[in-house]
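# Secondary and tertiary structure notes
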Amino acid sequence: SQAAWCELPSRVLLVLTSQRGVQMYDSDGSTMVFWHALDVPEHPAAHSVFARGISAAGGRFVCVGTSFGAVLVFDIPPKGTNVTLSEVLEQHRDPVTDIAAEQGQAPDGAGDLVTADDSGTLCLWSTGEEFTLLGKIPGSGSTCSSVALWNGIVAAGYGNGQIRLWEAGSGRIRAQVSAHARWIYALDLAPLTGKLLSGAEDSFVHVWKLSRNADTDDIEIQHCHAECVTDTQVCGARFCDPAGDTFAVTGYDLSEILCY
């Protein structure tokens, strides 16, 4: 269901999630480093089982969300295959949709990891030997499909087409934009510039710019660019470089990746 590069200081892993579990590969995909199977309930017809939401965190951990609402925290050794499940974070009551780690410099007291679920609830965490829950932002009835975290700003994309910006320290909402006409499927953030990329079912991809006002410390969002991918429900969008000068997009039933 998902694939992501997890860049840790000592190594890079390719992490895949599916209905069966979590697979971790060396960066070239040649060697499977670790496999974690998901527990299938006795009555599997009740609801589907899957893993979704992948992020490196805290310098040595990889976090993966599950359909049970749990976040699995794997401790990754500098080399070798001795990966261990070090902790299970159980704060979500709905399936986890996305996980994001801080990509800039977190202000004092702000969390460096955010997890989102199908109800729109966000959990803010501080990583370390043990993960600490710093705050919970309740959902408002719309699924939070994608999150990003940059310089203490949580950017969240929702099923109703909105992008909301939250303060990672206090959990206060600071901005809300009706960005798309339909479900947002992808958010990505360029850490060097604070550019934010959003892609949705309405066939549009937007580039935004996040910033903090030096005088008031307000969080500001500015629209930079819009691109229409004709007759395509956009389901994936990523920047191709840390500055956000290029991005790639794909859609449902599309065998191509379009680069801009």
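Model, not experiment: these values are computed from the prediction. In this convention, every chain numbers its residues from 1, walking through the sequence in written order. pLDDT decides what is reported in this predicted model: residues at 70 or higher carry local features, side-chain atom pairs at 80 or more are listed and counted, and totals for whole chains, interfaces and linings draw on all residues regardless. Only hydrogens and water are set aside; all other atoms, that is, all heavy atoms of the structure, feed into the side-chain values.

Another point: the overall build of the protein. In terms of helices and strands, the protein carries 0 helices and 23 strands. Radius of gyration here uses only the C-alpha atoms, and the compact-globule reference equals 2.2 Å multiplied by the residue count raised to the power 0.38. Whereas a compact globule of 260 residues would reach a radius of gyration of roughly 18 Å, the protein reaches 18 Å, a difference of no more than 12%. Projected onto its principal axes, the C-alpha positions of the protein cover 45 × 45 × 35 Å. In the protein, which comprises 260 residues, the share counted as buried stands at 50%. The long-range share in the protein, meaning contacts at least 24 apart out of those at least 6 apart in sequence, stands at 42%. Under the convention used here, a 1.4 Å probe and the Shrake-Rupley method define accessible areas, while residue burial counts only the protein chains that appear. Approximately 12,200 Å² of the protein is accessible, and the part contributed by carbon and sulfur atoms is 48%. Here Asp and Glu are counted as negative and Lys and Arg as positive; His is not counted, and neither are the chain ends. Charge coordinates come from a single atom per side chain, which is NZ of Lys, CZ of Arg, CG of Asp or CD of Glu. Computed over 15 positive and 31 negative side-chain charges, the inter-centroid distance for the protein is 2 Å. For the purposes of this entry, the term helix denotes a DSSP run of H or I that reaches at least four residues, the term strand denotes a run of E that reaches at least two, and both are numbered from the N terminus. Note on classification: 1.4 Å probe, protein chains only; a residue is buried when its accessible area is under 20% of the maximum for its type, exposed when over 50%, partly exposed between these limits. Every residue pair with non-hydrogen atoms within 4.5 Å of one another is taken to be in contact.

Moving on, we get to the UniProt feature "repeat: WD" (unreviewed entry) in the protein. UniProt positions are given in the numbering used here, feature names are shortened, and annotations may be inferred rather than shown by experiment. The positions UniProt marks with the feature "repeat: WD" (unreviewed entry) are residues 177–218. Note that residues 177–218 is 0% helix and 57% strand, and that its end C-alpha atoms are spaced 15 Å apart.

Turning to the sheet that holds strand β23 (residues 258–259), a few remarks are in order. One bridge is not enough; two strands pair if DSSP finds at least two bridges between them. Across the sheet, which stays open at both edges, the 3 strands sit in the order β21-β22-β23 with antiparallel pairing between neighbours. If you trace the sheet from one side to the other, it starts and ends with β21 (234–239) and β23, each paired once. The pairing of β21 with strand β22 (residues 247–251) spans 5 bridges and is antiparallel. When the bridges of β22 are listed, Arg 238 appears paired with Ala 248.

Turning our eyes to something else, we now look at the pairing of strand β6 (residues 61–66). Extensive coverage of β6 is indicated by the burial of 6 of its 6 residues. Linkage of strand β5 (residues 51–57) to β6, two consecutive antiparallel strands, is achieved through a turn of 3 residues, within which Gly 58 is found at a positive phi near 60 degrees. For β6 and strand β7 (residues 71–75), the ladder comprises 5 bridges, and the chain directions are antiparallel. Within β7, the position partnered with Phe 61 by the bridge is Asp 75. Following β6, the chain reverses through 4 residues before pairing antiparallel with β7; Gly 69 in that reversal takes a positive phi of roughly 95 degrees.

Structurally, Thr 97 is set in strand β9 (residues 96–101). For Thr 97, a relative accessible area of 7% translates into the label buried. Polar side-chain contacts of Thr 97 include one of 2.6 Å to the backbone oxygen of Cys 144. The contact partners of Thr 97, leaving out residues within four places of it in the chain, are Arg 52, Gly 53, Ala 116, Asp 117, Asp 118, Thr 143, Cys 144 and Ser 145. As used in this structure description, the phrase polar contact means that two N or O atoms lie within 3.5 Å; if the pair is within protein, one of them must be able to donate a hydrogen and the other to accept it, and residues adjacent in sequence are counted only when both atoms belong to side chains.

Moving on: the nonpolar core. The nonpolar core is taken to be a set of buried Ala, Val, Leu, Ile, Met, Phe, Trp, Tyr and Cys residues, with the residues joined through side-chain atoms within 4.5 Å. Core analysis: the largest hydrophobic core is formed by 20 residues, its most contacted members being Val 15, Met 24, Val 62, Val 64, Phe 74, Ile 76 and Val 83. In terms of residue count, the dominant contributor to this core is β5 (3 residues). Not counting residues within four places of it along the chain, the set of residues in contact with Met 24 comprises Leu 13, Leu 14, Val 15, Thr 31, Met 32, Val 33, Phe 34, Val 62, Phe 74, Ile 76 and Val 83. Formed by 17 residues, the second largest nonpolar core is a distinct cluster that contains Ile 184, Leu 189, Leu 196 and Leu 210.

Before going further, it helps to spend a moment on the pattern of salt bridges. Within this document, salt bridges are pairs made up of a side-chain nitrogen of Lys or Arg and a carboxyl oxygen of Asp or Glu, the two lying within 4 Å of each other. Overall, the coordinates contain 10 salt bridges when judged by the stated rule. For the salt bridge of Arg 52 with Asp 118, the shortest nitrogen-to-oxygen distance reads 3.6 Å. With Arg 52 in strand β5 and Asp 118 in the loop between β10 (113–117) and β11 (122–126), this residue pair connects regions lying 66 residues apart in the sequence. A salt bridge links Arg 60 to Glu 129; its shortest N-O distance comes to 2.7 Å.

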